[in-house]
Amino acid sequence: MYQLIDTLEKPQNWLYSFLILLSVGVWLISFLGFTKSLAQHNADFGGDIGDMGNAGDVDGGWFDVLDFGAVPITVWLTLLFLIVGSLGITLNSWFLPALPTNALYNIVWTANLGASSLASYWVVRKVAKPLSFLFRDYGVAEQASALVGKVARVSSGKVTAESGQACLQANGNSLEVAVRTHDTDEAIVYGQMVLLLHFDEDKNVYWCEKYETI
């Protein structure tokens, strides 16, 4: 452990240490469930599955050049940073100890950075293909308009013109959507069923009405 800490603390490894700690930190936050809590918090303010689809949509432009594929950008980049950091520290430990701190030392350090970056990019592109099967549904959410006409159950305290949430099943998945109602004469409260009438793209919410079973 002490040898690892000593290696990370060496000045020539500071950049690589930062990349490794950044990747590990992001993964730890994800494992602790903070991302899920943030997603639920955003849903309270009008987030819905339409946003989720857009978040994973990385088609076109320089995203195609980087070949993210179906792998989320955060996973792609943190994996790249982790490999760059590991390879960079390894190359430094091989080539730098025998060199004096001069121009040649800086040239070799820069060459190690370039080599580790290129090799890491190649590795991540190869790894991204099998990883994409784990994220094949990422960014391929239901189209917002496809949920219009479906029945959902209110999951918030009540539904008003300003706030409200409802839960419904789509393709075997439970989805939370933001809902609003124009009808304020009769309260729509937790547990009641609502019919999704229209998706408001500007507000990113579904307008609904109370669903009465016959």
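Scroll up a little and you will see the structure.
The structure presented is a predicted model; accordingly, all values stated were derived computationally and were not measured.

**Things to note about the overall build of the protein**
Point 1. Per the secondary structure count, the protein includes 7 helices and 7 strands.
Point 2. Written out in order from the N terminus, the α and β elements of the protein read α-α-α-α-α-α-α-β-β-β-β-β-β-β.
Point 3. Burial analysis of the protein (214 residues in total) assigns 32% to the buried set.
Point 4. Once local pairs closer than 6 in sequence are excluded, the contacts in the protein between residues at least 24 apart make up 61%.
Point 5. As presented, the protein carries roughly 13,500 Å² of accessible surface, and 62% of it is formed by carbon and sulfur atoms.

**Digging into the packing of helix H2 (residues 14-31) against helix H6 (residues 73-95)**
Point 1. One can describe the packing of H2 onto H6 by two numbers: an axis separation of 8 Å at closest approach and a directional angle of 145°. Considering the relative orientation of H2 and H6, their crossing is left-handed. Only Thr74, Thr78, Leu79, Phe81, Leu82, Val84, Gly85, Ser86, Gly88, Ile89 and Asn92 of H6 make contact with H2, whose side of the interface consists of Tyr16, Leu19, Ile20, Leu22, Ser23, Val26 and Trp27.
Point 2. Grouping the amino acids of the contact of H2 with H6 by side-chain chemistry returns 11 nonpolar, 7 polar and no charged.

**Topic: the packing of aromatic side chains**
Point 1. Throughout the structure, instances matching the rule amount to 4 aromatic pairs.
Point 2. Ring geometry for Phe199 and Tyr206: centres 4.8 Å apart, planes at 50°, overall tilted. Considered together, Phe199 and Tyr206 belong to a single accessibility category, that of buried residues.

**A few points about the side chain of Asn13**
Point 1. Secondary-structure assignment places Asn13 in the loop between helix H1 (2-9) and H2.
Point 2. In contact with Asn13, not counting residues within four places along its chain, are Thr7, Leu8, Ile89 and Asn92.

**Focus: the pattern of salt bridges**
Point 1. Inspection of every chain in the model, using the stated rule, returns 1 salt bridge.
Point 2. Between Glu212 and Lys210 there is a salt bridge; the shortest N-O distance is 3.9 Å.
Point 3. With a relative accessible area of 24%, Lys210 lands in the partly exposed category.

**Quick notes on H6**
Point 1. With 23 residues, H6 should reach 33 Å at 1.5 Å per residue; the first-to-last C-alpha distance of 32 Å fits that figure.
Point 2. Of all the residues in H6, the buried ones are Trp76, Thr78, Leu79, Leu80, Ile83, Val84, Gly85, Gly88, Ile89, Leu91 and Asn92.

**A look at the sheet that holds strand S1 (residues 151-154)**
Across a sheet, paired strands are connected by hydrogen bonds in the backbone, their directions being either parallel or antiparallel.
Point 1. One closed barrel holds the 5 strands; their spatial order is S1-S3-S4-S7-S6, and the pairing between them is mixed. Going from strand to strand, the sheet's axes swing by 55° on average, the running direction of each strand aside.
Point 2. Here 6 bridges tie strand S6 (residues 193-200) to strand S7 (residues 205-210), and the two strands are oriented antiparallel to one another. For His198, the partnering residue across the bridge sits in S7 and is Trp207.

Each value, and the rule that gives it
- Residues numbered from 1 in each chain as written.
- Predicted model: local features only at pLDDT ≥ 70, side-chain atom pairs only at ≥ 80, totals over all residues.
- Heavy atoms only, no water.
- Helix = DSSP H or I, 4+ residues; strand = E, 2+ residues; numbered from the N terminus.
- Buried < 20%, exposed > 50% of the residue type's maximum accessible area, 1.4 Å probe, protein only.
- Contact = heavy atoms within 4.5 Å.
- Areas by Shrake-Rupley, 256 points an atom, 1.4 Å probe, with all protein chains shown as cover.
- Axes fitted to C-alpha atoms, helices over the stretch in contact; angles between N-to-C directions.
- Left-handed = near helix turned anticlockwise from the far one by under 90°.
- Nonpolar A, V, L, I, M, F, W, Y, C, P; charged D, E, K, R; others polar.
- Phe/Tyr/Trp six-rings, centres within 6.5 Å; stacked < 30°, edge-to-face > 60°.
- Salt bridge = Lys/Arg side-chain N within 4 Å of Asp/Glu carboxyl O.
- Expected span 1.5 Å × (residues − 1).
- Pairing = 2+ DSSP bridges.

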